[in-house]
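Architecture and fold: a report
So the chains spell out like this:
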Amino acid sequence: MLISLDCETTGIDFAHGAMPFLVTTCADDGTIRFWEWDVNPLTRIPEISGGDIADITKLINTTDLIYLQNAKFDARALLTIGIQLPWSKVRDTLVMGHLLASNHRHDLMWMCVEYLGV
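Residues numbered from 1 in each chain as written. Predicted model: local features only at pLDDT ≥ 70, side-chain atom pairs only at ≥ 80, totals over all residues. Heavy atoms only, no water.

A full pass over the atoms with the stated rule returns 1 aromatic pair. Between the aromatic rings of Phe14 and Phe73, the centroid separation amounts to 5.1 Å while the plane-to-plane angle is 50 degrees, which identifies the pairing as tilted. In this pair, Phe14 is assigned in the loop between strand E1 (2-9) and strand E2 (20-27) and Phe73 in helix H2 (residues 71-79), connecting sequence segments 59 residues apart. According to the relative accessible area criterion, Phe14 is buried, its value standing at 11%. The class for Phe73 is partly exposed, based on a relative accessible area of 24%. (Phe/Tyr/Trp six-rings, centres within 6.5 Å; stacked < 30°, edge-to-face > 60°. Helix = DSSP H or I, 4+ residues; strand = E, 2+ residues; numbered from the N terminus. Buried < 20%, exposed > 50% of the residue type's maximum accessible area, 1.4 Å probe, protein only.)

What follows is the structure in structure tokens.
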């Protein structure tokens with residue numbers, strides 16, 4: 001099984017408290033899953049359930065490949081909540097885009113237009 005994975009975060013600086021508040025996955029059979037947490041507006045800390053962490057970890061551990069756009073960002077985001085991505089399973093579409101055509105755009109929308117015709 002392979003999945004795609006993406007995180008939305010409260011900021012970009014993980015060293016100063018940014019954390020994910022949404023994790024989404026899509027499996028190769030079309031199954032979409034997501035885990036979304038409320039964020040305390042004063043502390044900007046998501047209220048994350050331990051059961052959700054276990055669910056995400058189990059999914060990551062049972063899949064064969066994990067596709068991400070800018071994998072380093074999502075890996076660092078997940079690490080802030082105690083989830084470590086196994087790098088041997090990770091495939092980064094951003095790196096793939098640079099290998100295919102370093103002089104083309106590498107944002108996800110344009111890569112989908114160029115390579116998938118969507």
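The subject of this paragraph is the nonpolar core. With 24 residues, the main nonpolar core has Leu5, Val23, Ile60, Leu78 and Leu85 as its most contacted residues. At the level of elements, E1, E2, helix H1 (50-62), strand E4 (65-68) and H2 are the ones that each hand at least two residues to this core. Sequence-distant contacts of Val23, defined by excluding residues within four places in its chain, comprise Leu5, Asp6, Cys7, Arg33, Phe34, Trp35, Trp37, Ile56 and Leu78. (Core = buried A, V, L, I, M, F, W, Y, C linked by side-chain atoms within 4.5 Å. Contact = heavy atoms within 4.5 Å.)

Quick look at the environment of Asp55 now. Along the chain, the position of Asp55 falls in helix H1. For the pair Asp55 and Trp35, spaced 20 residues apart in the sequence, the C-alpha separation amounts to 9.2 Å. Beyond its immediate stretch of four places on either side in the chain, Asp55 contacts Arg33 and Trp35.

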